[in-house]
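Take a look at the letters that make up each chain.
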Amino acid sequence: MNIDHDEIQKFSAIATRWWDKSGEFKPLHDINPLRVAFIAEQANGLFGKNIVDVGCGGGILSEAMAAMGANVTGIDMSSEALEVAKLHGLESQIDVTYHTSTAEAYAEQHADTFDIVTCLEMLEHVPEPASVVQACARLVKPGGLVFFSTLNRNVKSYLMAIVGAEYLLNLVPKGTHSYAKFIQPSELLNMVDSTSLVPLRSTGLHLSPLTQQYYLSNKNIDVNYLVVCQKQDFA
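To keep things clear, this report deals only with the structure shown in the data block. (Residues numbered from 1 in each chain as written. Predicted model: local features only at pLDDT ≥ 70, side-chain atom pairs only at ≥ 80, totals over all residues. Heavy atoms only, no water.)

### Comments concerning helix α1 (residues 5-12)
Structurally, the α-helix is built with 3.6 residues per turn, so residues lying three or four positions apart point the same way. Spelled out, the test is: Three labels apply to residues, based on accessible area from a 1.4 Å probe with only protein chains included: buried if under 20% of the type maximum, exposed if over 50%, partly exposed otherwise in between. Each helix corresponds to a stretch of at least 4 residues labelled H or I by DSSP, and each strand to a stretch of at least 2 residues labelled E; elements are numbered beginning at the N terminus. Read the arc as the range of directions from the helix axis to the C-beta atoms. Pairs of residues are marked as contacts when any of their non-hydrogen atoms sit within 4.5 Å. Polar contacts here mean pairs of N or O atoms no more than 3.5 Å apart (in protein, one a potential hydrogen donor and the other a potential acceptor; neighbouring residues in sequence count only if both atoms are side-chain atoms).
Buried within α1 we find Glu7, Phe11 and Ser12. The arc that holds the buried residues of α1, viewed along the axis, is 130°, so those residues lie on one side. Of the exposed residues in α1, the ones pointing more than 90 degrees away from its buried face are His5, Asp6 and Gln9. At its buried positions, α1 is contacted by α4 (79-92). The N-capping residue of α1, defined by a side-chain oxygen 3.0 Å from the backbone nitrogen of Asp6, is Asp4.

Put into structure tokens, the structure is as follows:
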């Protein structure tokens, strides 16, 4: 199975704090409105769309998309995180279906099923990211969209995502990321090229040093970036 047990344990250990907006997952809460807005814009709205959120964790993105009227399924291999996601859904009264599964296993049973597949901040946490990319391509319907986000691998990303975010600013827990697992855009596009997906657009996620606010901009994709792809329709 394409899973890193150490990675799963690392996030499972702090699963109860997924919805603490001032805790370890604060950056995910801060960037979530930007991610959801980008997804909704590219998909011409989310209402009524069938979406699977791959590597959904505690459900931050899943719930936000469901709140916009999407039919959302979240999959993850951390049962602790999924338990938190389910409990929070009961509190918020936002309906999301959650399953413990890898992307590959879920694609075996649900090929060509979803209008949208999201796989955000997950590829850098598995041994074989290309396998997840292929699974996402199988999950989405012809003509549907797949969204990936991950971290670029270069000196700037090391300084900002690890030295800055983990050690200087304490934005995320130390050891959250492994620089060797960061994925350059060219590498991600090579993974996409081996599937039926076609890249449409990419954008970078940035943090303003003055306002400490996150924003999306095409000026560069040096650190954290998003890519939207479309599955070719051969019909």
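### Examining the sheet that holds strand β2 (residues 71-76)
Selection rule: Two strands are said to pair when DSSP picks up at least two bridges between them. Working convention: axes come from line fits to C-alpha atoms, limited for helices to the stretch in contact. Angles between N-to-C directions cover 0 to 180 degrees.
Overall, mixed pairing links the 8 strands, which are arranged β3-β2-β1-β4-β5-β8-β6-β7 in an open sheet. Because the sheet does not close on itself, it has two edges, and the strands there are β3 (97-100) and β7 (214-217). Direction aside, neighbouring strands of the sheet carry axes that sit 20° apart on average. Against the sheet, helix α6 (residues 129-139) engages β1 (50-54), β4 (114-120), β5 (140-151), β6 (197-207) and β8 (224-231), with an angle of about 150° to β5.

### Brief notes about the packing of α6 against helix α8 (residues 185-193)
Here is the rule: The labels follow the angle: roughly parallel below 35 degrees, roughly antiparallel above 145, roughly perpendicular from 65 to 115, and oblique for the rest. What makes a crossing left-handed is the near helix being turned counterclockwise from the far one by less than a right angle; a clockwise turn instead makes it right-handed. The classification used treats Ala, Val, Leu, Ile, Met, Phe, Trp, Tyr, Cys and Pro as nonpolar, Asp, Glu, Lys and Arg as charged, and all other residues, Gly among them, as polar.
For the pair α6 and α8, interaxial distance at closest approach is 9 Å and the crossing angle is 45°. In this view, α6 runs oblique relative to α8, as classed from their interaxial angle. Relative to α8, the crossing made by α6 is right-handed. Between α6 and α8, the contacting residues are Pro129, Ala130 and Val133 on the first element and Leu188, Met191 and Val192 on the second. Grouping the amino acids of the contact of α6 with α8 by side-chain chemistry returns 6 nonpolar, no polar and no charged.

### A look at the environment of Leu200
The topology assignment puts Leu200 in strand β6. Residues Leu200 and Gln230, 30 residues apart in the sequence, show an inter-C-alpha distance of 6.8 Å. Leaving out residues up to four positions away in the same chain, Leu200 has contacts with Leu145, Val228, Cys229 and Gln230.

### Brief notes about the nonpolar core
Rules: As used here, the term nonpolar core means buried Ala, Val, Leu, Ile, Met, Phe, Trp, Tyr and Cys residues forming a set that is joined through side-chain atoms within 4.5 Å.
In this structure, Val54, Val117, Val132, Phe148 and Leu188 are the most contacted members of the largest nonpolar core, which totals 29 residues. Elements with a contribution of two residues or more to this core: β1, α5 (103-109), β4, α6, β5, α8 and β8. Take this core: its biggest share by element is 6 residues, from α6. Once residues within four sequence positions are removed from consideration, Leu188 is found in contact with Leu123, Val133, Phe148, Ile183, Tyr225 and Val227. With 23 residues, the next largest nonpolar core counts Val36, Cys56, Ala66 and Ala70 among its residues.

### Observations concerning the environment of Val172
With respect to the secondary-structure elements, Val172 resides in the loop between α7 (155-168) and α8. With relative accessibility at 15%, the residue Val172 sits in the buried group. Taking the C-alpha atoms as reference points, Val172 and Lys26, separated by 146 residues in sequence, lie 7.9 Å from one another.

### Concerning unusual backbone geometry
A positive phi angle, near 55°, is found at Asn44, a position not held by glycine. Structurally, Asn44 can be placed in the loop between α2 (26-42) and β1. We note that Glu121 has phi near 55°; this positive angle belongs to a residue other than glycine. Residue position: Glu121 is located in the loop between β4 and α6.

### Some points on the packing of aromatic side chains
Aromatic rings in a pair are described by how distant their centres are and how their planes are angled relative to each other. Note the threshold: Aromatic rings from Phe, Tyr and Trp, taking only the six-membered ring of Trp, are treated as a pair when their centres fall within 6.5 Å; an angle between ring planes under 30 degrees marks them as stacked, one over 60 as edge-to-face, and anything in between as tilted.
All told, the structure shown has 5 aromatic pairs when counted by the stated rule. An angle of 10° between the planes, with centres 3.9 Å apart, marks the rings of Trp18 and Phe25 as stacked. Using a relative accessible area of 7% as the deciding quantity, one classes Trp18 as buried. We classify Phe25 as buried; its relative accessible area is 4%. Seen in terms of ring centroids, Phe38 and Phe147 are 6.1 Å apart; in terms of plane orientation they differ by 80°. Their pairing is edge-to-face. You can see Phe38 sitting in helix α2 and its partner Phe147 sitting in strand β5, a full 109 residues away along the chain.

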